[in-house]
Amino acid sequence: MNDHPVQSEPADLDDRYRTWSQSAAAVLAKSRRVDVDDLPDTPEALLSTTTADGLTVRPLYTRKDETAEPGLPGSFPYVRGADPGRDVTTGWRVTERFGDDPTIDAATANTDILEAMNNGTSGLWIAVGGTVSTGDLATVLDGVYLDLAPVTLDAGADGIEAAEAFTALRATAPEPPVGTTPSVSTTHSLGLSPLTAAFSGRPTVDTARATALAAARHDPSVRTFRVDGTDFATAGADNGLEIALIVGAAVTHLRDLTDAGLSAANALTQISFGVSVDDDQFASIAKLRALRKIWARVSAVVGSPEAGGALTHAVTALSMYSQRDPWVNMLRSTVAAFGAGVGGADQVTVLPYDAALPEATRTSSSTFTRRIARNTQLLLLEESNIGRVLDPAGGSWFVESLTDDLASNAWAVFTDIEAAGGYRAALESGWVADRVGESLARRDVEVAHRRKPVTGVSEFPNLDEKPLGTDAADTTDLVTGSPRLARVGRAFEELRDRSDAVLADTGRRPTVLLLPLGSVAEHNGRTTFVANLLAAGGIAVINPGPVTPDDIADLASAADTPVAVICGTKQRYAEAGPEALAAARSAGLDRVLLAGPEKEWPTTESDGTAIPDGSLRVGIDAVATLRDLFDTLTTSTRAGSGTTGASA
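Values in this document were obtained by computation on a predicted structure and should not be read as measured data.

Concerning the environment of Leu485
Here is step 1 of the chain: As for its placement among the helices and strands, Leu485 is situated in the loop between α16 (431–448) and α17 (490–506).
Here is step 2 of the chain: Once residues within four sequence positions are removed from consideration, Leu485 is found in contact with Thr234, Leu318, Ser319, Thr475, Thr476 and Leu478.

Structure, rendered in structure tokens:
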């Protein structure tokens, strides 16, 4: 027997939570230099964040947040995955896209496919209509065991013809060297997306023809419809809205198929889902789980819960990819692929890191970018062993709560779609476009205020990066893109494009003069902040180091710019700020800004004394500020100098 007393736990969970709350309150009060009683809200509220969907993510999840066991993978309600028999040594299918390169023929595409499959690719996504024609499918897929490798077609307006050609090809395809049983992991998709493409503007087929095709050749191992959430996500839809819209479109297909004579169970097995995943890993995990939960609910309502496993093909979001510093896209893709794998996607496609660049501006070979994209998944599968556990996030209080919250949010929007008359009516009335537009506007505000940072673009930009050419930021003619594509960092990249054009025309970028006051230790934080902020908009800075008011006239003359920024501490502003501002005005600088909050300036306009023309600080609308500064720098004429500050 052990004579030591047993360690007793706190009386109950509420006591433990109360202890945490008191400790968190003490830390918050100390950091804010106030008493605990003076905190404006509870520690939980102060430490919580709100997602783009309007969901609240709390700082701590406990057993109080425990939900009911959602079942096993492959069983209703399919939250934990649609495949009950996934091979954990294989994991999800590493699905690579082919057929987009206009410089190669079908035979070369086939060579590339076979080489990729020898190097780890286990699923194929074939673009038809460009390099690969409908008649080329036999050549492109020569040597591919179609019983082992799932194929997804993307044939646009040629979708019906491609579907028929693929169906005929399967009938004559060679049998694999080992026997196989059709499963979720080997299910093909004809890739017909008429309802979602009707929103995004991608070429597509007539819905009635696609429905007739599905009703005439029901085969559970080949799904006719691909309800593609990327059409909405890349246009700016948040996660809950994306789920709601693809479920709304899928329910419309379901009604069409049953009206055409299919049973509900057979109709359910004619629908698969494309899902966008980005660098918010937990949101991506929850999105896939929530989609399966909602689709299972739909299957139960129509009386066929056994057929309600949603087959998902996760694709890294083209909208998150940057054109500037595109190598960072490798990191974004890794996080997105991780979220997709942990979230239980059946197939995952990682787009090449230069996917957001127009073809003419790409500097890496497609062979290299494909290999990097493929190996991103293979490293997760074979070295990190992510695929060896089904639903590894299952049971996490946070992930389960986030899944339920996201599902509830999406279901509420879905019911709004149904109340509007269903997906078709909502699309035709403009309801869908309005909701996606509202979501995009909210995201753009977050990006503009740099609350949603884009590394290499809005944060840590490299102003000396080699120009890609002008007007590239607005490009929507990209692989897997659509006319509604709205990339996250496009507003900053448009300014960078303008800056490159000015540099090419004049030999100099728009430039701002920094006026650092005090020692380097005093002003370095703010000069660095201002330099990075301005660089995000394509504006260069001249930093002469510590200055005194007597230095400013000569510095302004040499800088040849109408704009300056005074940088220092609040104490230094009180000591030397007004004198530095007066010297800057006398030197002919038309616009003098302050680094930091305006309240740190020692005087106000009501004092009858001069104040700066604005401030550069955390939380401002950086896009609007940078556009205004850019326009000033490219159109203003320096007072008394007769020259323009890097004007176009």
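Anyway, onward from the coordinates.
Section: the layout of surface pockets
Here is step 1 of the chain: There is about 1,100 Å³ of room inside the largest pocket.
Here is step 2 of the chain: Lining the largest pocket are 41 residues, and of these Ala52, Asp278, Asp280, Arg443 and Lys452 sit closest to its centre.
Here is step 3 of the chain: For the lining of the largest pocket, the secondary-structure elements that each account for two or more residues are β1 (49–50), α9 (239–259), β8 (271–277), α11 (281–301), α12 (328–342), α14 (397–419) and α16.
Here is step 4 of the chain: Along the lines of polarity and charge, the residues of the lining of the largest pocket split into 19 nonpolar, nine polar and 13 charged.
Here is step 5 of the chain: Of the volumes computed, that of the second largest pocket is approximately 790 Å³.
Here is step 6 of the chain: For the lining of the second largest pocket, the secondary structure elements donating two or more residues are β4 (123–127), β5 (151–154), β7 (222–228) and α8 (230–233).
Here is step 7 of the chain: Its residues placed into classes, the lining of the second largest pocket shows 13 nonpolar, 14 polar and 10 charged.

Topic: the pairing of strand β14 (residues 591–595)
Across a regular strand the side chains alternate sides, sitting on one face of the sheet and then on the other.
Here is step 1 of the chain: In terms of residue burial, β14 counts as a mostly covered element, since four of its five residues are buried.
Here is step 2 of the chain: At this point the chain moves from strand β13 (residues 563–567), through helix α20 (residues 570–586), to the parallel β14, and the crossover so formed is right-handed.
Here is step 3 of the chain: Sheet analysis places β14 next to strand β15 (residues 615–616), joined by two bridges and oriented parallel. The residue of β15 that forms the bridge with Ala595 is Leu616.

So, the nonpolar core
Here is step 1 of the chain: Grouped together as the largest cluster of nonpolar side chains are 108 residues, with contacts concentrated most on Ile126, Val247, Ile271, Phe273, Trp295 and Tyr423.
Here is step 2 of the chain: Split by domain, this core shows at least three residues from each of two domains, domain 1 (84–192) and domain 2 (220–357 + 364–450).
Here is step 3 of the chain: With sequence-adjacent residues up to four places away left out, Ile271 is seen in contact with Arg223, Phe225, Val227, Ala250, His253, Leu254, Leu257 and Trp295.
Here is step 4 of the chain: By size, the runner-up hydrophobic cluster in this structure holds 49 residues, among which are Ala536, Ala580, Leu593 and Trp601.

Quick notes on the side chain of His523
Here is step 1 of the chain: By the secondary structure assignment, His523 is in helix α18 (residues 520–536).
Here is step 2 of the chain: If near-sequence neighbours (up to four positions away) are discounted, His523 is found in contact with Pro516, Leu517, Gly518, Gly545, Pro546, Cys567 and Gly568.

Some details on unusual backbone geometry
Here is step 1 of the chain: Looking along the chain, the bond that leaves Phe76 and enters Pro77 is cis, with omega of 10°.
Here is step 2 of the chain: Looking at the element boundaries, Pro77 is found in the loop between β2 (56–57) and β3 (93–98).
Here is step 3 of the chain: Not every positive phi belongs to a glycine, and Asn385 is a case in point at roughly 60°.
Here is step 4 of the chain: Residue placement: Asn385 occurs in the loop between α13 (366–383) and α14.
Here is step 5 of the chain: For Asn385, a relative accessible area of 34% gives the class partly exposed.
Here is step 6 of the chain: With a phi angle near 60°, Arg450 is a residue other than glycine that sits in the positive phi range.

With respect to the confidence of the model for the protein chain
Here is step 1 of the chain: When the pLDDT values of the protein chain are averaged, the result is 92; 96% of them are 70 or greater.
Here is step 2 of the chain: For residues 637–648, every residue scores under 50 in pLDDT, and the model assigns this stretch 38 contacts once sequence neighbours within four places are set aside.

Notes on the pairing of β5
Here is step 1 of the chain: Side chains of β5 alternate between two faces, with Val151 and Leu153 and Thr152 and Asp154 buried alike.
Here is step 2 of the chain: Summarising the sheet, β4 and β5 pair through four bridges and their orientation is parallel. The residue of β5 that forms the bridge with Leu124 is Val151.

A short note on the environment of Ala138
Here is step 1 of the chain: Note that Ala138 resides in helix α4 (residues 137–140).
Here is step 2 of the chain: Along the chain, Ala138 and Ser276 lie 138 residues apart, while their C-alpha atoms are 30 Å from each other.

What to know about α17
Here is step 1 of the chain: Its 17 residues place the ends of α17 24 Å apart at the C-alpha level, agreeing with the 24 Å of an ideal helix rising 1.5 Å per residue.
Here is step 2 of the chain: Arg490, Ala491, Phe492, Glu493, Leu495, Arg496, Asp497, Ser499, Asp500 and Val502 are the residues of α17 that are buried.
Here is step 3 of the chain: Buried residues belonging to α17 abut α16, α18 and α21 (622–635).
Here is step 4 of the chain: Within two residues after α17, Gly507 carries a phi angle of roughly 85°, on the positive side.

The rules behind each value
Residues numbered from 1 in each chain as written. Predicted model: local features only at pLDDT ≥ 70, side-chain atom pairs only at ≥ 80, totals over all residues. Heavy atoms only, no water. Helix = DSSP H or I, 4+ residues; strand = E, 2+ residues; numbered from the N terminus. Contact = heavy atoms within 4.5 Å. 1 Å grid on protein atoms, 1.4 Å probe; cavity = no way out; pocket = protein on both sides within 12 Å on 5 of 7 lines; lining within 4 Å. Points joined across faces, edges and corners; volume = space filled by probe spheres on them. Nonpolar A, V, L, I, M, F, W, Y, C, P; charged D, E, K, R; others polar. Buried < 20%, exposed > 50% of the residue type's maximum accessible area, 1.4 Å probe, protein only. Right-handed = clockwise from strand over helix to strand, strands pointing away. Pairing = 2+ DSSP bridges. Core = buried A, V, L, I, M, F, W, Y, C linked by side-chain atoms within 4.5 Å. Domains from an automatic or database assignment. pLDDT = per-residue confidence, 0-100. Expected span 1.5 Å × (residues − 1).

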